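Each chain, written out:
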Amino acid sequence: MSPNLKERTPLRTDLKRPRGTQDLLAPESLRLERLRRLAFDTAREYGFDPIETPIFEQSAVFLKVGESTDVVQHERYTFTDVGGVDLTLRPEGTAAIARAYVENGLFNAPQPVRLFYWGPMFRRERPQALRYRQHTQFGAELFGSEEPSADAEIMLLSTAVVAKAGLVDPVIRVNSIGCSLCRPTYRAALVEYYQPLRDEICEDCQRRLTQNPLRLLDCKVDQPAREQAPDIAQYWCDDCRQHFETVVSMVQSTGRAIDRDPYLVRGFDYYTRTVFEVGHPELGTNVALFGGGRYDGLVASLDGPSVPGVGFGIGSERLLSALGERFMAVSSPSYYVAAVPGHHQAAFALVEELRRRGVTCYVDLLSRSLKAQIRDANRRSDRVIIVGGREWDQGLVTLKYLNTGEQEAVSREPDQLARRLNPAPTA
RNA sequence: GUGGAUGUAGCUCAGUCGGUUAGAGCACCAGGUUGUGGCCCUGGGGGUCGGGGGUUCGAGUCCCCUCAUUCACCCCA
């Protein structure tokens, strides 16, 4: 029986989705799926293998790598299961992938190891435009090479995905935050510079001064103080300098745009040397489309050997938003098989024959009148196949194009009909 | 965690100075003759006006609280 819409009850429910989450319906859900495939195919072209890890990990996996990272300190979805295990919904991909690299002994696989992932991430933040408590992230990690070519390859894969999706001229903003040899010196110089200015800088920056001095650089309030601040480039050790310059020139040699941003630092503790971001004007001033960097100490901090790594993450919702109508869901031609009264079962069977031959089609499931079916077809497709009556008895069905109103009788023999509807691509 | 704005039908929104039974467009369902859609016409279903409390003879309208959404911070994808 069809639902009696005349007696439909009003919508009254408190069962709403949790704050900061979203229900994705078509066509948004279709765009997301198309992007997922595009990302998958591109990562494969670059020689990366897909990896799936749990969406929750022992909390220690994230805590070990994010001592002063907001994402793991203040924004965790953490729970204790009935066995008393402390678990956390993953706020980001890299730590979990690194854990999997260690646990599965991938340091014994041919290096470097190239992995990519796609899936939900969870952060308990205050929701805002393009900032959700659950968002979908695509990312890749490359373990086992500290060569600049590894950084460049990661940047090129990430920009390839967004460029293929239709983002015009993505510009990589890049910086190096140095290594354990040169960064402490720079950090000290930065603190020394800002200390006398303590009363002039904003509250957040006063906190940063002691907690995370590098973050002073990307403050949006205290621009004047920043201009005179020491530049980390002056403090790079020789190895870091050469590494950075080689990364930049390798990317440039491929024709991708890349610019140094001396104020770029990133929010995860585990980064070393290269950090990069790609923003987008349509997303507003302060919303990164994606970002990444090098993390040479991460694997070791997760009880693995000393293996360097570099990776990135792209926020799918943000990318789709930036792309807008340039990235739409694509759909193959579809057919609505409408049945003359008394022929619903014949139509139903024909539809299944067609689907087995790769034809996308709808069929009425409400036992509606032919008129109602064609009205319905008009909203779902522009092509109708009418099943029944005299033609059916003659081995034919009517193929009707709704946009022009033209219609013709064609064979209903499944192989012939499917070929007619799904013409093989001409070579 | 901080600050601002906004909540009326599935969607987009009207709703005057506080005053009768809360409206429109779109969408949805049905009919406009038995095998043909869109356009048009007619009819229909759908609202505790986000929730709770208060002021008042009377609250969608005024006040307080709360929840949600949204924007800007913080931070990040």
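All figures in this text were calculated on a predicted structure; none of them were measured in a lab. All residue numbers refer to positions counted from 1 along the written sequence of the respective chain. Lettering for chains starts from A, numbering for ligands starts from 1, and both go in the order in which the items are written. Per-residue local features of the predicted model are confined to residues with pLDDT of at least 70, and side-chain atom pairs are confined, for both listing and counting, to 80 or more; whole-chain, interface and lining totals are unaffected and use all residues. Each side-chain value is worked out from all heavy atoms of the structure, with water and hydrogens disregarded.

Examining the overall build of chain A
A count of helices and strands for chain A gives 15 helices and 16 strands. A compact globule built from 427 residues would reach a C-alpha radius of gyration of about 22 Å, whereas chain A, at 28 Å, exceeds it by more than 25%. When its C-alpha atoms are laid out on the principal axes, chain A stretches across 90 × 55 × 45 Å. Counting the 427 residues in chain A, one finds 46% classified as buried. To measure how exposed things are, a 1.4 Å probe is used in the Shrake-Rupley method; for residues, cover is taken only from the protein chains shown. Of the roughly 22,700 Å² of accessible surface on chain A, 49% is carried by carbon and sulfur atoms. Only four residue types enter the charge count: Lys and Arg as positive, Asp and Glu as negative, with His and the chain ends excluded. Charge placement uses NZ in Lys and CZ in Arg. For Asp and Glu, CG and CD serve respectively. Mean positive and mean negative side-chain charge positions of chain A (53 and 56 charges, respectively) differ by 8 Å. By definition, any uninterrupted DSSP run of H or I lasting at least four residues is a helix, any uninterrupted run of E lasting at least two residues is a strand, and each is numbered from the N terminus. Every radius of gyration here is taken over C-alpha atoms, with the globule rule written as 2.2 Å times N^0.38, N being the number of residues. Any residue under 20% of the maximum accessible area for its type is buried, any over 50% is exposed, and the rest in between are partly exposed; the area is computed with a 1.4 Å probe on protein chains only.

Observations concerning the pattern of salt bridges
Pairing is possible between side chains that carry opposite charge, provided their charged atoms lie close to one another. Each reported salt bridge corresponds to a side-chain nitrogen of Lys or Arg within 4 Å of a carboxyl oxygen of Asp or Glu. Here the structure, examined in full by the defined rule, presents 29 salt bridges. The partner of Asp 261 in a salt bridge is Arg 173, with the nearest N and O atoms 3.0 Å apart. Taken together, the residues span a long stretch of sequence, with Asp 261 in the loop between β8 (257-260) and β9 (272-279) and Arg 173 in strand β7 (residues 171-176) at a distance of 88 residues. On the accessibility criterion, Asp 261 (16% relative accessible area) is buried. A residue is classified by how much of its surface remains accessible, and Arg 173, at 29% relative accessible area, is partly exposed. A salt bridge links Arg 357 to Asp 415; its shortest N-O distance comes to 2.6 Å. Pair noted here: Arg 357 is in the loop between α12 (344-356) and β13 (360-363) and Asp 415 is in helix α15 (residues 414-421), with a separation of 58 residues, a long-range link.

As for the layout of surface pockets
Estimates place the volume of the second largest pocket at around 350 Å³. For cavity detection a 1 Å grid was placed over the protein atoms alone, and a set of points counts as a cavity when a 1.4 Å probe fits there but cannot get out; an open set counts as a pocket when protein lies on both sides within 12 Å along at least five of seven lines, with lining residues being those that have an atom within 4 Å of a point. Arg 183, Phe 268, Asp 269, Tyr 270 and Tyr 271 are, among the 21 residues lining the second largest pocket, the residues nearest its centre. For the lining of the second largest pocket, the secondary structure elements donating two or more residues are α6 (183-194) and α10 (298-301). Note on residue classes: Ala, Val, Leu, Ile, Met, Phe, Trp, Tyr, Cys and Pro are nonpolar, Asp, Glu, Lys and Arg are charged, and everything else, Gly too, is polar. Residues that form the lining of the second largest pocket fall into these classes: 8 nonpolar, 7 polar and 6 charged. Grid points are joined across faces, edges and corners, and a volume is the space filled by probe spheres set on the points.

Examining the packing of α12 against α15
Axis definition: a line fitted to C-alpha atoms, limited for helices to the stretch in contact. Angles are taken between N-to-C directions and run from 0 to 180 degrees. For the pair α12 and α15, interaxial distance at closest approach is 9 Å and the crossing angle is 65 degrees. Crossing angle aside, the handedness with which α12 passes α15 is right-handed. Only Pro 414, Leu 417, Ala 418 and Leu 421 of α15 make contact with α12, whose side of the interface consists of Leu 350, Glu 353 and Leu 354. Its residues placed into classes, the contact of α12 with α15 shows 6 nonpolar, no polar and 1 charged. In this scheme, a crossing is called left-handed if the near helix is turned counterclockwise away from the far one by less than a right angle; it is called right-handed if the turn is clockwise. Note on contacts: a residue pair is in contact if any heavy atoms of the two residues lie within 4.5 Å.

As for the pairing of strand β10 (residues 288-294)
Of all 7 residues in β10, 6 are buried; the element is thus mostly enclosed. Any two strands between which DSSP finds at least two bridges are classified as paired. Relative to β10, β9 runs antiparallel, the two sharing 6 bridges. If you follow Val 275 over to β10, its bridge partner there is Gly 293. Pairing of β10 with strand β11 (residues 309-315), which is carried by 5 bridges, proceeds in the antiparallel orientation. Note that in β11 the partner of Gly 292 across the bridge is Phe 312.

Here's the deal with the domain arrangement of chain A
Where a domain begins and ends is set by an automatic assignment or by a domain database. By the assigned domains, chain A splits into domain 1 (28-182 + 236-326) and domain 2 (334-421). Spacing between the C-alpha centres of domain 1 and domain 2 amounts to 48 Å.

So, a negative patch on the surface
A cluster of acidic residues, Glu 146, Glu 147, Asp 238 and Asp 239, forms a negative patch at the surface. Tracing the backbone shows Glu 147 in the loop between β6 (134-143) and α5 (148-164). A patch is a set of surface residues, each over 30% in relative accessible area and not in a salt bridge, joined within 9 Å for like charges and within 5 Å for the nonpolar side chains Val, Leu, Ile, Met, Phe, Trp and Tyr.

Quick word on empty space enclosed by the protein
In total, this model carries 1 cavity of 30 Å³ or more according to the counting rule given. Taken as a whole, the largest cavity encloses approximately 40 Å³ of empty space. Lining the largest cavity are Ile 51, Glu 52, Thr 53, Arg 90, Tyr 117 and Trp 118. Residues belonging to the lining of the largest cavity are distributed by class as follows: 3 nonpolar, 1 polar and 2 charged.

Section: the nonpolar core
Phe 138, Phe 143 and Tyr 194 are the most contacted members of the largest nonpolar core, which has 90 residues in total. Of all the elements, α5 adds the most residues to this core, at 8 residues. Filtering out sequence-adjacent residues up to four positions away, Phe 143 remains in contact with Ile 97, Ala 98, Tyr 101, Gln 111, Pro 112, Val 113, Leu 115, Tyr 295, Val 299, Val 307, Pro 308 and Gly 309. In plain words, nonpolar cores are sets of buried Ala, Val, Leu, Ile, Met, Phe, Trp, Tyr and Cys residues tied together by side-chain atoms within 4.5 Å. Val 337, Cys 361, Val 397 and Leu 399 belong to the second-largest nonpolar core, a separate cluster that totals 19 residues.

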